[in-house]
Amino acid sequence: MALSSYPFDEQATTETQYSALFRELQDSGVVDSATGNGFAVSADAGGMYVDVQPGFAIVRGHAVLSTAVERLPVPTADPLARTDRVVLRLDPGQNEIVLEVVKGEPGAGLPPLTRTDSGVFEIPLSKVPVPTGATNIGTTVPQDDRQFVSGRVGVWRTETRPSDPRVGRLGLNLGTGRWEWFNGSTWVDLAPVSVWSTIEGKPGTFAPAPHRHHWNDLDGVPASFTPAAHTHAWDSVTGKPSSFPPSGHTHGKSDITGLQADLNYLSNNKAWADHGHGDYATWGHRHGGGDIDGHVNRAWGTDRVHTNGPGPGPWYAAWVDGNRNFCQNTSARRFKENIQDYWIDPARVLALRPRTYDRKNTDHKHELGLIAEEVDQTLPEIVQRNEDGVIMSLRYDLLGVALIPVVQDQQNRIERLERLVAELMERGA
């Protein structure tokens, strides 16, 4: 007969029938949150292999459980760079689901996933870049490519969407950060952003009328405004008082008419009193080092070296903030919160390139240091930017902190080698 039903008591139900039933109840994917570690793929600098974390997944109605970290070998590098895939592979003919590294084509894109209705079916876990001549995978970062199950509401990326969705299928696209659904032929944004071309009933023309524009809506606005001398008409000033009661106040030097001419005359003559001028009240001001006879050409006009005297101690390291104010550099716990361990991949530090260079418009030649833009590619934590986000300098004081993981990693390697040598010697003895 053409009509059949299952499963029922005293009735044989096949693997194919159970698989067809369960795939209607749950899509294929990793059973975990989108930020969890289920079947997550990672690598270190130890060699040509990747590690896959424990996890639980469903593949075409079949379940797979891993309770320990699995290490998978990566094929030897080729003369051209390639990208491999780490997959979970269902093979009904072998009655198993296994972890596999699928080698990509050198100089080409990702290897395609094998997905058949009743045979081999693969779901992706990670993309693994393999550079030319690589001897370990730790120099690259495997790219998470997992798709997740979440009831009948899916969680995926654009490249890992369901391969044969039904009309109305709903899911969260982690790549775009938006909800989408399948209309029978393509995926559609569940809450699309309105653009002018999709607005119905808009007028063909707009009669001019007084109006305003928000600053963020203006194109071509300058990022900053160079200060320049300018004036404002009194009538255009808003919020001014109707009268000004007398009170104690001060005037800037530049606001006093005729004062600058006398000061210029004073600066060009040795004896002020010889010219019959009266006394002027003194006010706070500064002189450049070049204007002071016998000055010493040092930073801040002093040649004092770092010592514990004669000023009050102890001495402190200092920062300079955006307003050019000095601030004490503190490291004590009482000045901090949200303290957490932070691990830096030693390979990122070892990728730094010491350079020599000449500073523009100065006589400073052959200086030794790092280039901030190059450091930003591997160790952006110590790169400093200005208010506009432009790279300016490096926090050289943090470079020593970044070196700690390198030293710790090397120490761990030394200890492992020492233990290995000791074991070999003991066996030889």
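Attention in this report is confined to the structure presented alongside it.

Another aspect to go through is the overall build of the protein. Per the secondary structure count, the protein includes five helices and 20 strands. For the protein, buried positions account for 23% of its 429 residues. Pairs at least 24 residues apart make up 43% of the contacts formed inside the protein by residues separated by at least 6 positions. Accessible surface, the protein as shown: approximately 31900 Å² in total, 54% of it carbon and sulfur.

Side-chain pairs of opposite charge can arise whenever the charged atoms involved come near each other. With the rule as written, the count across this model stands at 18 salt bridges. One salt bridge in this structure joins D51 and R71, with 2.8 Å as the shortest N-O distance. Note that D51 is positioned in strand β3 (residues 49-52) and R71 in strand β6 (residues 70-73), a separation of 20 residues in sequence. By relative accessible area, D51 is classed as buried at 12%. When its relative accessible area of 49% is taken as the criterion, R71 is described as partly exposed. Between E122 and R89 there is a salt bridge, with the nearest N and O atoms lying 2.8 Å from each other. Of this pair, E122 sits in strand β9 (residues 121-130) while R89 sits in strand β7 (residues 82-91), placing them 33 residues apart in sequence. Among the ionic contacts, a cluster of salt bridges with common partners joins D78, R82, D84 and K103.

All right, on to the sheet that holds β6 then. If you trace the three strands from one edge of the open sheet to the other, you get β2-β3-β6, paired in antiparallel fashion. Edge positions in the sheet fall to β2 (41-42) and β6, since each of these pairs with one other strand and no more.

The next subject is the sheet that holds β9. The strand order across the open sheet built from four strands is β8-β7-β9-β10, with neighbouring strands paired in antiparallel fashion. Unpaired on one side and paired on the other, β8 (96-102) and β10 (143-144) mark the two borders of the sheet. Here β9 runs beside β10; their pairing, made up of two bridges, is antiparallel. Bridging across to β10, S126 finds its partner in D144.

What follows is about the packing of aromatic side chains. Summed over the entire model, instances satisfying the criterion amount to five aromatic pairs. When the centroid spacing of 6.3 Å and the interplanar angle of 55° are considered together, the rings of W234 and F244 count as tilted. Here W234, found in the loop between β14 (187-189) and α2 (259-267), pairs with F244, found in the loop between β14 and α2; they are 10 residues apart in sequence, far enough to count as distant. What makes W234 exposed here is its relative accessible area of 52%. These aromatic residues form a ring-pair network of at least three members: W156, F182 and W187. Here the basic side chain of R60 rests over the ring of F121, its NZ or CZ set 5.0 Å away from the ring centre.

Quick notes on the rules
Residues numbered from 1 in each chain as written. Predicted model: local features only at pLDDT ≥ 70, side-chain atom pairs only at ≥ 80, totals over all residues. Heavy atoms only, no water. Helix = DSSP H or I, 4+ residues; strand = E, 2+ residues; numbered from the N terminus. Buried < 20%, exposed > 50% of the residue type's maximum accessible area, 1.4 Å probe, protein only. Contact = heavy atoms within 4.5 Å. Areas by Shrake-Rupley, 256 points an atom, 1.4 Å probe, with all protein chains shown as cover. Salt bridge = Lys/Arg side-chain N within 4 Å of Asp/Glu carboxyl O. Pairing = 2+ DSSP bridges. Phe/Tyr/Trp six-rings, centres within 6.5 Å; stacked < 30°, edge-to-face > 60°. Lys NZ or Arg CZ within 6 Å of the ring centre and 35° of its normal.

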